[in-house]
Amino acid sequence: MPTYPSRTQVVIVGAGPTGLTVANLLAAYGVNFVVLDREPGPMNLPRAIVLDDEGARTLQVFGLDRSYVAHTMKAVGSKYLDDAGNCIAETGAGPETYGFAKRQHLPA
């Protein structure tokens, strides 16, 4: 049975991409927290597949830009299809204005 601190400042419910990002940000700022998730370990399916430049800058706050973002693949763009398979919108790669690719595919 896991042990938990008797006092904590923040409870994070869910260890998906958002919950774990919040946990890392809180740790970087010295905030006491606990993460709760119904699953005992990582899922066998990805919970995130794309990271944008703002997300990469968030990961930079706690150092994951050097290890995790380094293994992403720069995206060339996206096509959005309707139910009939017709392209209804398309994006390009976008600029690298602030140090990271606008869109990046995460490793599986």
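Residues numbered from 1 in each chain as written. Predicted model: local features only at pLDDT ≥ 70, side-chain atom pairs only at ≥ 80, totals over all residues. Heavy atoms only, no water.

Of all hydrophobic cores here, the largest spans 7 residues; its members are L51, A56, L59, F62, V69, F100 and L106. Ignoring sequence-local partners within four residues, the contact set of F100 consists of D53, A56, R57, Q60, D65, V69 and P95. (Core = buried A, V, L, I, M, F, W, Y, C linked by side-chain atoms within 4.5 Å. Buried < 20%, exposed > 50% of the residue type's maximum accessible area, 1.4 Å probe, protein only. Contact = heavy atoms within 4.5 Å.)

Further remarks concern the pairing of strand β6 (residues 87-91). Note that strand β5 (residues 78-81) and β6 share 4 bridges and pair antiparallel. Bridge pairing in β6 places L81 opposite C87. (Pairing = 2+ DSSP bridges. Helix = DSSP H or I, 4+ residues; strand = E, 2+ residues; numbered from the N terminus.)

Turning our attention to the environment of V13. Here V13 shows up in strand β1 (residues 10-13). With relative accessibility at 72%, the residue V13 sits in the exposed group. Once the C-alpha coordinates of V13 and V69 are considered, the two residues, 56 residues apart in sequence, prove to be 25 Å apart.

A few words now on the side chain of D53. Tracing the backbone shows D53 in helix α2 (residues 53-61). On the basis of relative accessible area, D53 is assigned to the buried category, the value being 5%. Those residues in contact with D53, other than ones at most four positions away along the chain, are F100, A101 and K102.

Moving on: a nonpolar patch on the surface. A grouping of V11, V13 and L36 is seen on the molecular surface, where their side chains present a nonpolar patch of about 280 Å² in accessible area. Within the secondary structure, V11 is located in strand β1. V11 sits in the partly exposed class, given a relative accessible area of 47%. (Patch = residues over 30% accessible without salt bridge, like charges linked within 9 Å, V, L, I, M, F, W, Y side chains within 5 Å. Areas by Shrake-Rupley, 256 points an atom, 1.4 Å probe, with all protein chains shown as cover. Salt bridge = Lys/Arg side-chain N within 4 Å of Asp/Glu carboxyl O.)

The next subject is the sheet that holds strand β3 (residues 50-52). Strand order in the open sheet made by the 3 strands is β3-β7-β4, with antiparallel pairing throughout. At either end of the open sheet lies a strand with only one pairing partner, and these are β3 and β4 (73-74). Pairing analysis gives 3 bridges linking β3 to strand β7 (residues 103-105), with the strands arranged antiparallel. Following the sheet pairing, L51 is matched in β7 by Q104. Lying over the sheet, α2 contacts β3 and β7, oriented at roughly 80 degrees with respect to β3. (Axes fitted to C-alpha atoms, helices over the stretch in contact; angles between N-to-C directions.)

This next bit is on the pattern of salt bridges. Per the counting criterion, the structure on display carries 3 salt bridges. Between R57 and D53 there is a salt bridge, and its shortest N-O distance comes to 3.4 Å. With R57 and D53 both in helix α2, this residue pair falls 4 residues apart, about one helical turn. Take R57: its relative accessible area is 25%, and that puts it in the partly exposed class. With a shortest N-O distance of 2.6 Å, E96 and K74 are connected by a salt bridge. Remark: K74 occurs in strand β4 and E96 occurs in the loop between β6 and β7; sequence separation between them is 22 residues. We classify E96 as partly exposed; its relative accessible area is 43%. Bridged by salt links that share partners, the residues D53, R57 and K102 form one connected network.

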